[in-house]
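# Results of the structural survey
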Protein chains: 2
Amino acid sequence: MAEAASMERSRILPLTKVNVNDPFWNYYCNLVRHTVVPYQWEALNDRVEGAEPSGAVRNFKIAAGLEQGEFYGFVFQDSDLAKWLEATGYLLATSPDPELEAVADEMIDIIARAQHANGYLNTYFTIKKPGEQWTNLMDCHELYCAGHMIEAGVAYYKATGKRKLLDVVIRFADYINEVFGNEPGKLQGYDGHQEIELALVKLYETTGSRNYLNLSQFFIHARGTEPNFLVQETQSRNYESHWGFVHPKKIDTAYFQAHQPVREQEHAIGHAVRFVYMLSGMIDVAAETGDTGLFAACRRLWDNMTERQMYITGGIGSMAHGEAFSFDYDLPNDTVYAETCASIGLVFAAQRMLRLEPHAKYADVLERALYNTVVGGMARDGKHFFYVNPLEADPKACNGGNKNYGHVKPVRQEWFGCACCPPNVARLLASLGSYLYTADNDTVYAHLYIGGEAEVELGGTTVVLKQQSELPWSGYVRFEVQPEQTAVFKLAFRLPVWSPSASITVNGQTYKAGTVNGYAVLERTWQAGDTVELALEMPVMRMHSHPLVRSNAGKTALQRGPLVYCLEQADNGEHLHELSLPKEAELSWRKAEDLLDGVVVIEAEGERLKAEDWGTALYSASAAPGTRLQPLLFIPYFAWANRGEGEMAVWVRES
Amino acid sequence: MAEAASMERSRILPLTKVNVNDPFWNYYCNLVRHTVVPYQWEALNDRVEGAEPSGAVRNFKIAAGLEQGEFYGFVFQDSDLAKWLEATGYLLATSPDPELEAVADEMIDIIARAQHANGYLNTYFTIKKPGEQWTNLMDCHELYCAGHMIEAGVAYYKATGKRKLLDVVIRFADYINEVFGNEPGKLQGYDGHQEIELALVKLYETTGSRNYLNLSQFFIHARGTEPNFLVQETQSRNYESHWGFVHPKKIDTAYFQAHQPVREQEHAIGHAVRFVYMLSGMIDVAAETGDTGLFAACRRLWDNMTERQMYITGGIGSMAHGEAFSFDYDLPNDTVYAETCASIGLVFAAQRMLRLEPHAKYADVLERALYNTVVGGMARDGKHFFYVNPLEADPKACNGGNKNYGHVKPVRQEWFGCACCPPNVARLLASLGSYLYTADNDTVYAHLYIGGEAEVELGGTTVVLKQQSELPWSGYVRFEVQPEQTAVFKLAFRLPVWSPSASITVNGQTYKAGTVNGYAVLERTWQAGDTVELALEMPVMRMHSHPLVRSNAGKTALQRGPLVYCLEQADNGEHLHELSLPKEAELSWRKAEDLLDGVVVIEAEGERLKAEDWGTALYSASAAPGTRLQPLLFIPYFAWANRGEGEMAVWVRES
C-alpha cells in the first residue's frame with residue numbers, strides 16, 4: 001500500500017504568494033499581527049498581568065540549561081509555544097518583520113539547545129520526568145507536542161528559508177522514526193492526541209523524505225488495531241493516569257478514536273479536536289499513499305460529522321465530558337462544547353478534502369466554521385478568547401447557577417491555563433491566505449471570497465488573481481485576471497450553499513458557466529486585465545434543522561451569506577427564550593455602521609411571551625402566556641459577547 | 001425564645017386510627033406490605049441476586065459483636081435499615097403481622113446490642129473508625145443516621161407499644177444532647193445532612209421531653225451562623241473529605257444550606273433532600289417554640305421552592321451536580337435530577353405547613369409530588385426504583401450517548417448501592433394514611449381524597465369518617481360521617497387546584513359551603529349516617545409554565561386531576577421531539593382498562609415533523625420540515641417506563 005501511486009490533489013498556494021487585503025479580514029489579519037501574536041508572546045513569557053501564567057518559554061529555558069526551576073503548566077505546554085512560532089512563520093511569510101523574526105530566532109536558539117543529543121525534544125519530560133519518555137503516550141501528548149513543533153519548523157522554514165528549527169524537527173522526527181514503527185524492537189504505539197500524523201506529512205512535503213510519510217502512515221494504521229496499544233500501555237502502568245486519577249479498567253478507547261482501526265470507523269466520536277486532527281492526517285496519508293480505502297473512511301467520517309454532528313456555527317463536540325462528540329443529531333445548544341480548536345481542526349480537514357475533491361460542500365463547511373466559530377472564538381480586542389462556543393447562553397446559568405453549564409463562559413477569557421485555543425486561532429488567521437485557493441495543473445479553485453492578490457502557476461503560465469470581495473456583507477465579488485501571457489486555463493468559482501443564484505460576468509458580459517461539484521468553471525483564453533464579476537444572491541435565510549435534531553425542533557436560526565445570526569440581550573432584553581419569530585415575519589437587513597465596528601443586522605417583528613400578565617403561578621391551566629410584539633434585532637454570531645455579559649441565542653422559536 | 005408559647009397546629013391522625021381502603025392506593029399499600037418491605041429486607045440482608053449488596057444488617061451484626069467482618073457500604077448505610085424499620089412500624093400500626101414483627105424485634109435486639117454504653121449508635125464509626133466520632137459532621141451523616149433511627153424508634157413504639165428501640169434512641173438522643181449544644185464544652189456543630197432536626201421533634205412529641213425540642217432548635221439555629229462550623233471543621237481536617245477527595249478551600253456551604261443562618265435564607269438552594277428535610281425541621285421547631293420569625297422563613301423558602309424551582313411532577317432539584325437546586329425558573333427537563341427522596345421530603349414539609357396553615361396550596365403540592373414523582377419512583381412490581389425522575393428521557397442519550405445524561409436512567413433500577421430512595425418510598429407509602437387528614441379542636445381537614453376509614457376526636461366526640469374516592473380517575477368522592485353522637489363540628493374539604501368547580505351535596509342536597517384558603521368548610525350539626533358527596537370537575541388541562549421557565553417556552557403539558565401526563569415511545573413511536581400538540585386539538589380521555597393495570601389515557605390528534613421528506617441536510621434554508629397528523633396517546637407520568645426502554649416526554653411543543 002505504501003508504494004501505491006499517490007492520488008492527485010490540488011496544491012495549496014504558498015503564503016508567500018497570497019496576500020490578503022480585504023475590508024472584512026484586514027481587521028483580523030492586522031489584529032493577529034499587531035495584537036494577538038505580540039500579546040501571546042507576552043502571555044507565553046508570563047508577562048500578562050491577571051492572566052494565568054503559561055511557563056512555556058521558561059520551560060524551554062530551563063530545559064536548555066539557561067535557567068533553573070521547575071516545569072510549569074500542562075504536560076502539553078510546549079505546544080502553545082510551537083503554535084505561536086508557527087503563526088509567526090505565517091506572518092513572516094506574508095510580510096517581513098525583522099523585529100518579530102529576531103524574537104523568534106532567539107526562541108529557536110533556545111529550543112535547539114533544549115534538544116537532546118538524540119533528537120528528543122520535550123520540556124516536560126526533560127525537566128520533570130527524565131527517563132520516562134514514551135511511557136505514557138495515552139495521556140502525555142508527547143507526539144502531539146512533537147507534531148506542533150514540526151509544523152512550526154516547516155512554517156518557519158517556508159517563510160524565512162532558515163533551517164535551524166526545521167533541522168531541529170528533522171532530527172526529532174528521525175529519532176521518533178527510530179523509536180516507533182512496525183519493525184521488531186520498535187514501539188508499536190501512537191499518541192493519545194493525534195497531531196503528529198498531519199505534521200509528518202507536511203515534513204514529507206517539505207523535505208521530500210518519504211520516511212516521514214511512512215511514519216505518519218504507521219501511526220494512522222496502528223491506531224485502534226488489536227491488541228490495543230493504549231489499553232496495553234495503561235495496563236502496564238496499573239491504570240494510573242498522568243492526571244492523578246486511576247483510569248477505569250475498561251479504557252474508553254473511543255475517546256482517542258482508538259476503538260477500532262481508523263479505516264473501519266463509521267462515526268465521528270470521542271474528543272473532537274483529536275478527531276479532526278486525525279481526519280486531517282488520514283486524508284493526507286490516503287492522498288499521498290494512494291489509499292482509496294482509507295479515503296473512503298475519510299469521506300464517511302466527514303459526512304457523519306458534518307451531516308449529523310455539526311452545529312450550524314461550524315462548532316463540533318456536543319458534550320463537555322471529554323470535549324467530545326456525542327451521537328447523531330444530538331446537538332444541545334446550551335450544554336454544547338464546540339471548542340474553538342475543534343472548528344479550527346475542522347477547517348484543516350475541510351481544506352484537505354478540498355484538495356482531493358474540489359466539492360463545494362467541503363468549502364461550505366470550512367467557511368461556516370471560519371466565519372462563525374473561529375472568528376467568534378476571539379474578541380474584537382484580540383486578547384480574549386472563547387474555548388467553548390455555545391449557541392445559547394444564559395449568564396445566570398453559566399456563572400454557577402447551574403453547574404451543568406460551568407464550562408460555558410458568557411464572556412471571553414483573558415488566557416487559559418490550558419491555552420490551546422488562542423494560539424490556534426492565531427496560526428489559522430495568520431495563514432488565512434492559504435485557504436482561499438487551491439490549484440491543479442490547469443485550474444484555480446476559488447474557495448473563499450476574500451480580497452487580495454494571489455500568484456499561481458497554471459500549466460507554465462504565472463497568473464496573478466486580484467480579488468475584491470464585499471463578503472460577508474454583500475455577495476459582490478470581482479476578480480481581475482493577470483496571466484503573464486494570454487493562456488487557456490480554468491477558473492473555478494465556488495457557488496456557496498447560502499446563495500440561491502449567482503450571476504457571473506466576464507468583462508461585463510454575462511457568462512454561462514458550467515457547474516461542477518458546486519463550482520462554476522470558466523474555461524477560456526484569459527488575457528491580462530480580464531475581469532470576472534460574481535453577484536452572489538445573499539438573502540436572509542430562515543434555517544431549519546433536520547427533524548431528528550431534538551434541540552432545534554420548532555426553532556429557526558437566521559443566516560445571511562456565511563454568517564449565522566443570533567439574538568443578544570444587549571439588543572433584545574433579557575429572557576431571550578420568551579422571544580419567538582412568527583413564521584410570516586418579514587426579515588430585513590441593514591448595515592449598522594456604528595454597531596460592533598459595522599455589521600449587517602437583521603430585523604424582524606417578533607413576539608415576546610408576556611410575563612407581566614402571568615402572575616406568580618409556576619404552572620397554570622389557564623391559556624398559554626400571551627404575547628406582545630417586539631422588534632427583534634439579530635447580530636452576526638461571531639460578534640456576540642463584545643458588549644458585556646448577557647444572554648445569547650442562535651435558535652429561536654418559530655411561532 | 002425557647003420558652004415562647006407554641007403555635008397552634010392541627011394534629012396528624014395516628015396510623016392506628018386511619019385505614020386506607022382505596023381502589024387506586026390499595027395496590028400500592030399491598031405492594032409495600034407484601035413485596036416492597038419483604039424485598040427490601042432481603043436486599044438489606046444481601047440476599048437479592050444481581051442487586052448491589054447493602055451490608056446494612058450485617059454491619060449491625062458486626063457492630064453488635066455477633067459476626068466478624070468489615071463495614072460494608074456508604075457511611076450512611078445504617079439509615080437504610082432505619083427507614084425499613086420505620087416503614088415496618090407503619091405497617092404494623094395499620095395491620096398486625098406477627099411474622100414481620102418478630103423479624104423486626106430480632107433486628108431491634110441486634111441494634112440494641114450495637115449501641116455503646118454511652119448511648120452512641122453508628123455501625124460505620126463503631127466498626128471502621130472507632131474514636132473518630134463527631135469529627136466529620138459535614139460528610140459523614142452521623143446525626144442523619146441518628147435521626148432516621150429516632151424516627152424508626154418512634155414509629156415502632158407507636159405501632160407496637162414496644163419501647164426497646166424507643167429506649168435505644170432516647171439514650172442515643174440523650175447522649176447527643178450531652179455532646180452538642182451552645183453550652184461551653186459542647187460541640188457547637190450540626191450535621192452536613194439535615195434529618196435529626198425533624199426526628200428530635202417527633203421524639204419530643206412522643207416522650208414529652210423538651211430536651212429534644214431544644215436540641216433540634218439548637219441545630220436549626222446554629223446552622224449557617226458565623227464562625228461557620230462546617231468551614232472550621234473542614235479546615236481542622238486539612239480539607240480532607242470522607243469521600244477521598246480534598247474539599248476546595250472555599251467550602252460550598254450553600255450545598256449544606258449553611259451559607260447563612262436559616263432564618264435569613266431566601267431561596268431553596270443546595271442539596272434538595274437536605275433542604276426539604278431541613279425545612280420540615282424548621283417548621284416543626286417554629287411551631288413548637290412559637291418562633292414566628294422562623295416560620296416566616298419557612299413560608300419564604302416554601303414559596304421560592306414551589307413557585308420557582310419545582311417541576312410540574314413535584315420533582316425538585318434541577319441539577320445532577322450536588323443533587324441540588326439551581327436557580328429560579330431553571331427547570332431543564334432532560335438534565336434534571338428530581339430525586340425521589342426529595343419529593344418525599346417535599347411531602348413531609350407540605351404536611352407540616354398544612355398543620356400550621358391549612359391552606360390548599362400546600363396540599364396541592366403534596367398531592368402533586370405523591371401522585372407523580374413518588375409513585376412514579378417505583379415500578380409496578382415494587383422491586384425497581386428511580387432515583388432520578390426526568391421529565392424528558394431519550395435512552396440514546398442516557399445510555400452513554402451523551403455523558404451529560406449519565407445520571408438519568410431510562411429504566412428503573414433493581415437496588416442502589418446508595419439505596420436512599422427505595423426505603424424512603426416504602427416508609428412514605430406505609431404511612432400514607434397519616435397524610436389524608438389533619439384535625440384541630442372542631443375541624444377535620446380532608447387533604448387527600450383516598451378511600452378508607454378514619455377515627456378522629458372532635459371536641460370530645462369521636463367521629464368516624466368513611467371515605468370513598470374515585471381519584472385519580474374521576475373526581476367523585478363520598479364521605480359517610482359517623483359521630484358517636486349528634487354534634488356540631490366542621491368538615492373542611494380541599495378544593496384541588498386542578499378542579500375548576502366542585503359541587504357538594506349533604507345527604508343528597510346541594511350544600512353551599514364557604515371556602516377558606518381553598519377548603520370548603522361544612523359546619524353543621526352532624527348525625528350518624530350523614531353523607532357528603534363531592535363532585536370535583538376533572539377536565540383535561542393544558543398546563544403552561546411561567547414565561548420565565550426557559551425549558552418550557554412554547555410547550556404544554558397535560559394534566560387531569562392530580563396526574564401529570566406524558567408521551568411514551570411505546571405508544572407514540574420514537575423521536576418524541578418531532579411531535580407537537582396543535583393549540584386547538586381536542587383532548588379526550590378514556591379509561592384504558594388493559595393498559596398498565598388500567599389507567600385513564602388522554603388522546604389527541606397531534607402532528608409529527610416529517611423526517612422522511614427532509615433528505616440528509618443537517619441545516620437547510622428550505623421551509624420548515626412539514627408535518628403529518630399523528631394520533632397522540634398520553635399516559636400518566638407515574639406509569640412510564642413500565643414497558644421496556646423508550647423515550648418519554650412530559651412537555652410537548654404546542655403548534
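All residue numbers here refer to positions counted from 1 along the written sequence of the relevant chain. Each chain takes a letter, starting from A, and each ligand takes a number, starting from 1, following the order in which they are written. Side-chain atom pairs in this predicted model are given and counted only at pLDDT of 80 or more, local residue features only at pLDDT of at least 70, and totals for whole chains, interfaces and linings cover all residues. Here the side-chain values reflect all heavy atoms present in the structure, with hydrogen atoms and water set aside.

## Let's talk about the relation of the copies chain B and chain A
Our superposition of the copies is a least-squares fit, built on the C-alpha atoms of residues whose pLDDT is at least 70 in both. At an RMSD of 0.0 Å, chain B and chain A line up after a rotation of 180° and a shift of 0.0 Å along the axis. The operation mapping one copy onto its partner corresponds to a two-fold rotation axis. Note on contacts: a residue pair qualifies if any of its non-hydrogen atoms lie within 4.5 Å across the two residues. Looking at the interface residues of chain B, 100% of them are also at the interface in chain A, so both copies use one shared face.

## Regarding the domain arrangement of chain A
Residues and elements named next belong to chain A. We note that the domain assignment places domain 1 (11–435), domain 2 (439–536) and domain 3 (543–654) within chain A. Counting residues at the interface gives 23 residues for domain 1, matched by 27 residues for domain 2. Of all residues in domain 1, the largest losses of buried area upon contact with domain 2 belong to R11, P358 and E367, amounting jointly to 27% of the total for that side. Take a side-chain nitrogen of Lys or Arg and a carboxyl oxygen of Asp or Glu: if they are within 4 Å of each other, that pair is a salt bridge. One can count three salt bridges joining domain 1 with domain 2. Residue ranges for the domains originate in an automatic or database domain assignment. Two parts placed together each lose some accessible area; with a 1.4 Å probe, that loss summed over both constitutes the buried area.

## So, the packing of helix α12 (residues 272–289) of chain A against helix α14 (residues 340–356) of chain A
Residue and element names in this part refer to chain A. Put simply, α12 and α14 touch, their axes get as near as 8 Å, and they point 15° apart. Here α12 is positioned roughly parallel relative to α14, judged by the angle of their axes. Crossing hand, α12 versus α14: left-handed. Each of A272, V273, V276, Y277, L279, S280, I283, D284 and A287 in α12 lies in contact with α14, whose residues at this interface are C341, A342, G345, L346, F348, A349, R352, M353 and L356. Among the residues forming the contact of α12 with α14, the class breakdown is 14 nonpolar, two polar and two charged. Only the stretch in contact is used when a helix axis is fitted, and all axes are lines through C-alpha atoms; the angle between N-to-C directions ranges over 0 to 180 degrees. A run of H or I in DSSP becomes a helix once it reaches four residues, and a run of E becomes a strand once it reaches two; helices and strands are each numbered from the N terminus. Comment on the angle field: the value is read as roughly parallel under 35 degrees, roughly antiparallel over 145, roughly perpendicular from 65 to 115, and oblique elsewhere. Put simply, a crossing is left-handed when the front helix is turned counterclockwise from the back one by less than a right angle, and right-handed when it is turned clockwise. The nonpolar class holds Ala, Val, Leu, Ile, Met, Phe, Trp, Tyr, Cys and Pro. Asp, Glu, Lys and Arg form the charged class, and all remaining residues, Gly among them, are polar.

## Some details on the sheet that holds strand β2 (residues 18–20) of chain A
What holds strands together in a sheet is hydrogen bonding between their backbones, with the strands either parallel or antiparallel. Following DSSP output, two strands are said to pair if at least two bridges run between them. In space, the seven strands of this open sheet follow the order β2-β6-β7-β8-β14-β10-β11 (chain A), with antiparallel pairing throughout. Because the sheet does not close on itself, it has two edges, and the strands there are β2 and β11 (509–510) of chain A.

## A look at the packing of aromatic side chains
Only Phe, Tyr and Trp rings are paired, with Trp represented by its six-membered ring, and only when their centres lie within 6.5 Å; those with planes under 30 degrees apart are stacked, over 60 edge-to-face, the remainder tilted. In this structure the tally under the stated criterion is 66 aromatic pairs over all chains. Centre to centre, the rings of Y27 of chain A and Y28 of chain A are 5.4 Å apart; their planes meet at 85°, and the pair counts as edge-to-face. Accessible area is worked out with a 1.4 Å probe on protein chains only. A residue is then buried under 20% of its type maximum, exposed over 50%, and partly exposed in between. Since its relative accessible area comes to 31%, Y27 of chain A is described here as partly exposed. The exposure class assigned to Y28 of chain A is buried, which follows from its relative accessible area of 1%. Pairing F275 of chain B with F325 of chain B gives two aromatic rings, centres 5.3 Å apart and planes at 80°, and the pair type is edge-to-face.

## Section: the pattern of salt bridges
Side chains carrying opposite charge are able to pair once their charged atoms draw close together. For the coordinates displayed, the defined rule picks out 86 salt bridges over all chains. Notably, a salt bridge pairs R643 of chain A with D571 of chain A, separated by 2.7 Å at the nearest N-O pair. Taken together, the positions of R643 of chain A in the loop between β22 (627–636) and β23 (648–649) and D571 of chain A in helix α18 (residues 569–572) put the pair 72 residues apart, joining distant regions of the chain. For R524 of chain B, the salt bridge is made with D530 of chain B, and the minimal N-O distance between the two is 2.8 Å. Judged by relative accessible area, R524 of chain B falls into the partly exposed class, the value being 22%. One salt-bridge network, held together by shared partners, links R9, E205, D284, E288, R352 and R355 of chain A.

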